[in-house]
Amino acid sequence: MKPVYGLIDANSFYCSCERVFQPRLRLLPVVVLSNNDGCAIARTTEAKALGIKMGDPWHLIRKRPELAAVEWFSSNYALYGDMSRRMYQVLAERVPRVEPYSIDEMFLDLTGLPGDLTERCRSLRDDVRRIAKIPTCIGWGPTKTIAKLANGIAKDNPDLGGVCDLTDPAIRDSYYAALPVGEVWGIGSKSATKLEKAGYRTIQDFIDAPVPEVRGLLTVVGERTQAELRGVSCLPFVDAPADRKSIACTRSFGRPITAWHEMREAIATYATRAAEKLRQQGLQAGHIAVFLHTNPHAKGEPWHSGQKAAQIEPTNDTMVLITQAVRMLKPVWRDGYRYAKAGVMLSNLEPAVERPKQLFFSLSDSQSKLLMPAMDAINARYGRNTISPLAIGIARPWSARSRRLSRQFTTKLEDVLAAQAW
């Protein structure tokens, strides 16, 4: 039986999440901003029609008269992550296998499903829209690369009704002859330029190219992409995500940090968040690194960048990781600088297992087994940082700017919408 892969992709996902709980936004232009409210990273169709481009700096475009009706939002990653989980849950209940590719894209294994595939995919879109409230498009074909291409075609052609079937070679060929090679998943701008210089401008040109020449231009990765476009599946379906190699928590500050106690709070905060990620994935880390640096673009200000790393006893304990992170911070801190960014990176990840008891074990080891799960459970129920180490501070004036942050409608108890019956 020949495989059939689908790709479902949310439309302007971050903006769609904002619209779910605020119906007044449904016909308005909406833009979501990057960390520190820096630039546009998600736009609705209405916002795109106004000329807002991906990456446009907010401080330059927000006062343009023609953009007065635009609704601007700070990134609300807690909300977006939970809405992605809901979208996955809807799909997992209706398709045998679902492989998350990103927060808003998921591959579907449609092989051997009974009935008309087009109607099934339309039904999937309807269910995600009805239950998770997220609009999507679906494309499918015999390989993942073709499914990704079909999804893009569905998005770019509203007359297709949000779905595109590229299982038929004749239909694929009609699109291949018309689309530039840069539209292919895995062929970036540099690779596309190489191919165009060699005379391969359309997808059809790329498919017809001799395999040795493709390998010479784009290595074995390009050869695999060419085979996928020819309908030969080279990218297996993965039910479980690949093992994480590292976990990082890095942020630019809302304002420059010049005081040691604020930098210590920031590093403790990042270590806390990284520890939470470890425990969520059932992992522990055996290596920690801390870095900080000033703004390289600040004119007239001295530049300083520092990093320190060390092997540690494998752990996912927040308190231990805070202690180790602050210990790494001390040697790289310099007074008299205006720091713009810092971060904590954990690596040498392995499954969290019961460690052999040491001869001189401390009371904190046994307390940690009770404290960490209790802290995670409380924060999961009542919202992040409901209970947290004092080391992360309280006011945290250095935090990234999020002046236009929406409510965390699904993950914070006080932000949940209340309904009243009459």
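Here, the structure is the one placed above.
Residues numbered from 1 in each chain as written. Predicted model: local features only at pLDDT ≥ 70, side-chain atom pairs only at ≥ 80, totals over all residues. Heavy atoms only, no water.

### Details of the overall build of the protein chain
Item 1. Counting secondary structure elements, the protein chain contains 13 helices and twelve strands.
Item 2. Taken over the C-alpha atoms alone, the protein chain extends approximately 70 × 55 × 55 Å along its principal axes.
Item 3. Across the 422 residues of the protein chain, 45% fall into the buried class.
Item 4. Long-range pairs, those at least 24 residues apart, make up 66% of the contacts in the protein chain with a sequence separation of at least 6.
Item 5. About 22,200 Å² of surface is accessible on the protein chain, with carbon and sulfur atoms providing 54% of the total.
Item 6. The centroid of the 57 positive side-chain charges in the protein chain is displaced by 6 Å from the centroid of its 44 negative side-chain charges. (Helix = DSSP H or I, 4+ residues; strand = E, 2+ residues; numbered from the N terminus. Buried < 20%, exposed > 50% of the residue type's maximum accessible area, 1.4 Å probe, protein only. Contact = heavy atoms within 4.5 Å. Areas by Shrake-Rupley, 256 points an atom, 1.4 Å probe, with all protein chains shown as cover. Lys, Arg positive; Asp, Glu negative; His and termini not counted. Charge placed at Lys NZ, Arg CZ, Asp CG, Glu CD.)

### Describing the sheet that holds strand β5 (residues 97-102)
Item 1. Spatially, five strands are ordered β5-β6-β1-β7-β8 in an open sheet, and the strand pairing comes out mixed. Each edge of the open sheet is held by one strand with a lone partner, namely β5 and β8 (163-165). Neighbour-to-neighbour, the strand axes of the sheet open up by a mean angle of 20°, direction not taken into account.
Item 2. Running at roughly 10° to strand β6 (residues 105-109), helix α4 (residues 77-92) makes contact with β1 (5-10), β5, β6 and β7 (136-141) of the sheet. (Pairing = 2+ DSSP bridges. Axes fitted to C-alpha atoms, helices over the stretch in contact; angles between N-to-C directions.)

### Some remarks on the pattern of salt bridges
Item 1. Taken as a whole and judged by the stated rule, the model has 18 salt bridges.
Item 2. For Glu 99, the salt bridge goes to Lys 144, with nearest N and O atoms at 2.7 Å. Taken as a pair, Glu 99 in strand β5 and Lys 144 in helix α6 (residues 144-156) lie far apart in primary sequence, 45 residues in all.
Item 3. What makes Glu 99 buried here is its relative accessible area of 11%.
Item 4. Counted as one network, the salt bridges with shared partners bring together Glu 93, Arg 94, Asp 127 and Arg 130. (Salt bridge = Lys/Arg side-chain N within 4 Å of Asp/Glu carboxyl O.)

### Let's talk about a positive patch on the surface
Item 1. Together, Arg 62, Lys 63, Arg 401, Arg 403 and Arg 404 line one region of the surface with positive charge.
Item 2. Of the residues examined, Arg 403 reaches a relative accessible area of 65% and is grouped as exposed. (Patch = residues over 30% accessible without salt bridge, like charges linked within 9 Å, V, L, I, M, F, W, Y side chains within 5 Å.)

### A closer look at the packing of helix α1 (residues 13-20) against α4
Item 1. At a minimum axis distance of 10 Å, the contact between α1 and α4 shows a crossing angle of 90°. The angle between α1 and α4 places the two elements in the roughly perpendicular class. Between α1, through Phe 13, Tyr 14, Cys 17, Glu 18 and Val 20, and α4, the contact on the second element is made entirely by Tyr 77, Leu 79, Tyr 80, Met 83 and Ser 84.
Item 2. Residues that form the contact of α1 with α4 fall into these classes: eight nonpolar, one polar and one charged. (Parallel < 35°, antiparallel > 145°, perpendicular 65-115°, else oblique. Nonpolar A, V, L, I, M, F, W, Y, C, P; charged D, E, K, R; others polar.)

### Things to note about the nonpolar core
Item 1. The biggest cluster of nonpolar side chains holds 36 residues, and the ones touching the most others in it are Leu 91, Leu 110 and Ile 134.
Item 2. For this core, the secondary structure elements donating two or more residues are β1, α1, β2 (30-33), α4, β6, α5 (117-132) and β7.
Item 3. No other element matches the six residues that α4 contributes to this core.
Item 4. What Ile 134 contacts, discounting residues up to four positions off in sequence, is Ala 10, Phe 13, Ser 16, Cys 17, Val 20, Met 83, Met 87, Val 128 and Arg 129.
Item 5. With 35 residues, the next largest nonpolar core counts Ala 268, Ala 271, Ala 342 and Trp 398 among its residues. (Core = buried A, V, L, I, M, F, W, Y, C linked by side-chain atoms within 4.5 Å.)

### Quick notes on the side chain of Thr 269
Item 1. The topology assignment puts Thr 269 in helix α11 (residues 260-280).
Item 2. Apart from the residues within four sequence positions on either side, Thr 269 is in contact with Ile 392, Arg 396 and Trp 398.

### A few points about the sheet that holds strand β11 (residues 305-315)
Item 1. Reading across from one edge, β9-β12-β10-β11 is the order of the four strands in this open sheet, with antiparallel pairing throughout. The open sheet has two edge strands with one neighbour each: β9 (246-257) and β11. Direction aside, the axes of adjacent strands within the sheet are offset by 15° on average.
Item 2. When strand β10 (residues 283-294) meets β11, the two strands line up antiparallel, connected through eight bridges. Across the sheet, Leu 292 pairs through a bridge with Gly 306, a residue of β11.
Item 3. Against the sheet, α11 makes contact with β9, β10, β11 and β12 (339-351), and its axis sits at roughly 150° relative to β9, the strand it touches most.

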